[in-house]
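As a plain string of letters, each chain reads:
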Amino acid sequence: MKVTDHIKQANGKTLFSFEIVPPQKGQNIHDLYNNVDPLMEFKPPFIDVTTSREEFVYIKKENGLLEQKMTRMRPGTVGICAALKYKYDVDAIPHVLCGGFTKEETEYVLVDCHYLGLDNIMALRGDAMKHEQYFIPTVGGNNYAAELVKQIHELNQGKYLHEIIETPHKSDFCIGVAGYPEKHLEAPSMETDLRRLKEKVDAGADYVVTQMFFDNQKYFNFVEKARSIGITVPIIPGIKPIAIKRHQQVLPQIFRLDLPEELILEIEACKDNKQVRQLGIEWAIQQSKDLIANGAPVVHFYSMGKSDNIKAIAKEVF
Ligand SMILES: NC(=O)C1=CN([C@@H]2O[C@H](COP(=O)(O)OP(=O)(O)OC[C@H]3O[C@@H](n4cnc5c(N)ncnc54)[C@H](O)[C@@H]3O)[C@@H](O)[C@H]2O)C=CC1
Ligand SMILES: Nc1nc(=O)c2c([nH]1)NC[C@@H]1CN(c3ccc(C(=O)N[C@@H](CCC(=O)O)C(=O)O)cc3)CN21
């Protein structure tokens, strides 16, 4: 079922959802299930499965030189979605990226999703590769998420690439896109970034999931601004519980967001990472309760593999 239909069906009750990252290749799918199992009692209507960029790896050759190879360390997004759907009867949402894929490859992924009965696609541009300072579009691929949304939307109209299919079967994907309460790191201003978001919605996006934020006011202001420029689709807040002291530096650095002073002081007062993890849980519980009280359609959790903290939060909130 579509995310938008889950939201309609919930009739104002806030839903719980989360996001997982495929394991590194060579791992066991049961490790993933072990982290999903404890969260299923909170009845997530959908689970997102991310797609990671390809990266360079260096293989030591016999002569001692290093050989550079390009590989995807965490493949399997669509396969994991199918596995989750059929194991738990849950809607699993693959993240489909512009970066790393030609439009043709993207079409094949979408055809797989359609055959597997996946009803939703999260359409993202994707980050820069590790060695790149900025995102460089893939030759033959989509340049921005809005173009990817257009490609998916056209498939929904039965328009395949190169228009060589005469009587096409139409897909009916519900399309999610990302939104940035503290603006995307490359955007020159909040207003421009919001216009970009509007372009994605105008191209056919059905809902928005936000980047993580630690001050709910940022989300409320963002929703207000989005509404004021005519974005009417659901805007789902994304929450990440702080888990280690180092997040204080790396999260602002990677995602270009601010941590509230109160949270920083509380992290500084923690003696070890066990205390930070507990603080992260408590902070996310407060954020979630406030988001629910203010009518958020869903609270979506970025669980980066381990689910114990998400479970502790969901137990208090859902
Ligand atoms: N829910 C999730 O999983 C989330 C994922 N992300 C990640 O963030 C990264 C960025 O992806 P998206 O937001 O999908 O990218 P996007 O293509 O919507 O935007 C990327 C940047 O390009 C700018 N931009 C967009 N259209 C433009 C145009 N026509 N001309 C000039 N600039 C333009 C935007 O303002 C933004 O700074 C991705 O790696 C995604 O995986 C971010 C937030 C949430
Ligand atoms: N720009 C961007 N790219 C993404 O892939 C992405 C977003 N934003 N926002 C939404 C979700 C949330 N994501 C993430 C990704 C990593 C961590 C994270 O905490 N990573 C490391 C720390 C960073 C590091 O050392 O490299 C961790 O400790 O787990 C959190 C959320 C992935 N998604």
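It should be emphasised that the depicted structure is a prediction, and the values quoted were computed from it without experimental measurement.

### Brief notes about the site of ligand 2
Then comes step 1: What surrounds ligand 2 is the set T50, D127, Q211, G238, K240, V250, I254, F255, Y302 and M304.
Then comes step 2: Counting residues per element, the shell around ligand 2 draws most heavily on helix α8 (residues 247-255), which supplies 3 residues.

### Some points on the nonpolar core
Soluble globular proteins tend to pack their nonpolar side chains together in the buried interior.
Then comes step 1: Judged by nonpolar contacts, the single largest core of 70 residues is most densely connected at I121, A123, V149, I152, I175 and A205.
Then comes step 2: Ranked by the residues each element gives to this core, the list is headed by helix α5 (residues 145-156), at 6 residues.
Then comes step 3: Beyond its immediate stretch of four places on either side in the chain, A123 contacts V96, A145, L148, V149, I152, I175, G176, V177 and A205.

### Description of the environment of Y302
Then comes step 1: Summarising the element assignment, Y302 is placed in strand β10 (residues 298-302).
Then comes step 2: Sequence spacing of Y302 and L65 is 237 residues, and the spatial spacing of their C-alpha atoms is 39 Å.
Then comes step 3: When sequence neighbours within four positions are dropped, the list of residues in contact with Y302 reads E19, M212, G238, I239 and K240.

### Thoughts on unusual backbone geometry
Then comes step 1: Phi at K43 is positive, roughly 50°, even though this residue is not glycine.
Then comes step 2: Along the chain, K43 falls in the loop between α2 (29-36) and β2 (46-49).
Then comes step 3: Phi angles above zero are rare outside glycine, and D89 is one such case at about 55°.
Then comes step 4: Judged by local crowding, D89 falls into the exposed class, with 8 C-beta atoms found within 10 Å.

### What about the sheet that holds strand β1 (residues 15-20)?
Then comes step 1: The 8 strands are arranged β1-β2-β5-β6-β7-β8-β9-β10 in a closed barrel whose pairing can be described as parallel. Each adjacent strand pair in this sheet contributes to an overall mean axis angle of 30°, direction not counted.
Then comes step 2: Pairing of strand β7 (residues 174-179) with strand β8 (residues 207-212), which is carried by 4 bridges, proceeds in the parallel orientation. Each residue of the ladder has a partner; that of G176, found in β8, is Y207.
Then comes step 3: Of the strands in this sheet, β1, β2, β6 (120-124), β7, β8 and β10 touch helix α1 (residues 3-10), which is tilted by about 90° from β7.

### Concerning the packing of helix α10 (residues 273-293) against helix α11 (residues 308-317)
Then comes step 1: Two elements in contact, α10 and α11, have axes separated by 9 Å at closest approach and are oriented at 40°. The orientation of α10 with respect to α11, classified from their angle, is oblique. Along this stretch, α10 crosses α11, giving a crossing that reads as right-handed. Here α10 contributes R277, G280, I281, A284, I285, S288, K289 and I292 to the contact with α11, which in turn contributes N309, A312, I313, E316 and V317.
Then comes step 2: Residue composition of the contact of α10 with α11, grouped by class: 7 nonpolar, 3 polar and 3 charged.

### Structural notes on the site of ligand 1
Then comes step 1: Among the 18 residues in the neighbourhood of ligand 1, the closest are listed as R125, Y144, A145, A178 and H184.
Then comes step 2: At the level of secondary structure, the elements contributing two or more residues to the shell around ligand 1 comprise α5, α6 (190-202) and β8.
Then comes step 3: Per-element accounting of the shell around ligand 1 gives the leading share, 3 residues, to α6.

### A word on the pairing of strand β4 (residues 66-71)
Then comes step 1: Sparse coverage of β4 is indicated by the burial of 0 of its 6 residues.
Then comes step 2: When strand β3 (residues 55-60) meets β4, the two strands line up antiparallel, connected through 6 bridges. Note that in β4 the partner of F56 across the bridge is M70.
Then comes step 3: As consecutive antiparallel partners, β3 and β4 are separated by 5 residues, and within that stretch G64 has a phi angle of approximately 90°, a positive value.

### A closer look at the environment of V36
Then comes step 1: Among the structural elements, V36 can be located in helix α2.
Then comes step 2: Along the chain, V36 and I47 lie 11 residues apart, while their C-alpha atoms are 9.4 Å from each other.
Then comes step 3: Once residues lying within four places of it in the same chain are set aside, the contact partners of V36 are I20 and L84.

### A word on the confidence of the model for the protein chain
Then comes step 1: Residues at a pLDDT of 70 or more form 100% of the protein chain, whose mean pLDDT is 96.
Then comes step 2: ipTM for the predicted complex: 0.94, alongside a pTM of 0.97.

### What about the packing of helix α4 (residues 103-115) against α5?
Then comes step 1: In the contact formed by α4 and α5, the axes pass within 11 Å of each other and the chain directions differ by 50°. The angle between α4 and α5 falls in the class oblique. Between α4 and α5 the crossing geometry is right-handed. The residues of α5 that touch α4, namely those facing K103, T106 and L110, are L148, Q151, I152 and L155.

### Observations regarding the pairing of strand β9 (residues 235-239)
Then comes step 1: In terms of burial, β9 is a largely internal element, 5 of the 5 residues being buried.
Then comes step 2: Alternating positions in β9 separate into two faces, I235, P237 and I239 on one and I236 and G238 on the other, with burial throughout.
Then comes step 3: As for the winding sense of the linkage, the β-α-β connection from β8 through helix α7 (residues 216-228) to β9 is right-handed.

### What about the environment of A187?
Then comes step 1: Looking at the element boundaries, A187 is found in the loop between β7 and α6.
Then comes step 2: Sequence-distant contacts of A187, defined by excluding residues within four places in its chain, comprise T192, D193 and R196.

Rules of the game
- Residues numbered from 1 in each chain as written.
- Chains lettered and ligands numbered in written order.
- Predicted model: local features only at pLDDT ≥ 70, side-chain atom pairs only at ≥ 80, totals over all residues.
- Near = placed C-beta within 6 Å.
- Helix = DSSP H or I, 4+ residues; strand = E, 2+ residues; numbered from the N terminus.
- Core = buried A, V, L, I, M, F, W, Y, C linked by C-beta atoms within 7 Å.
- Buried ≥ 20, exposed ≤ 12 C-beta atoms within 10 Å, placed from the backbone.
- Contact = placed C-beta atoms within 7 Å.
- Pairing = 2+ DSSP bridges.
- Axes fitted to C-alpha atoms, helices over the stretch in contact; angles between N-to-C directions.
- Parallel < 35°, antiparallel > 145°, perpendicular 65-115°, else oblique.
- Left-handed = near helix turned anticlockwise from the far one by under 90°.
- Nonpolar A, V, L, I, M, F, W, Y, C, P; charged D, E, K, R; others polar.
- pLDDT = per-residue confidence, 0-100.
- Right-handed = clockwise from strand over helix to strand, strands pointing away.

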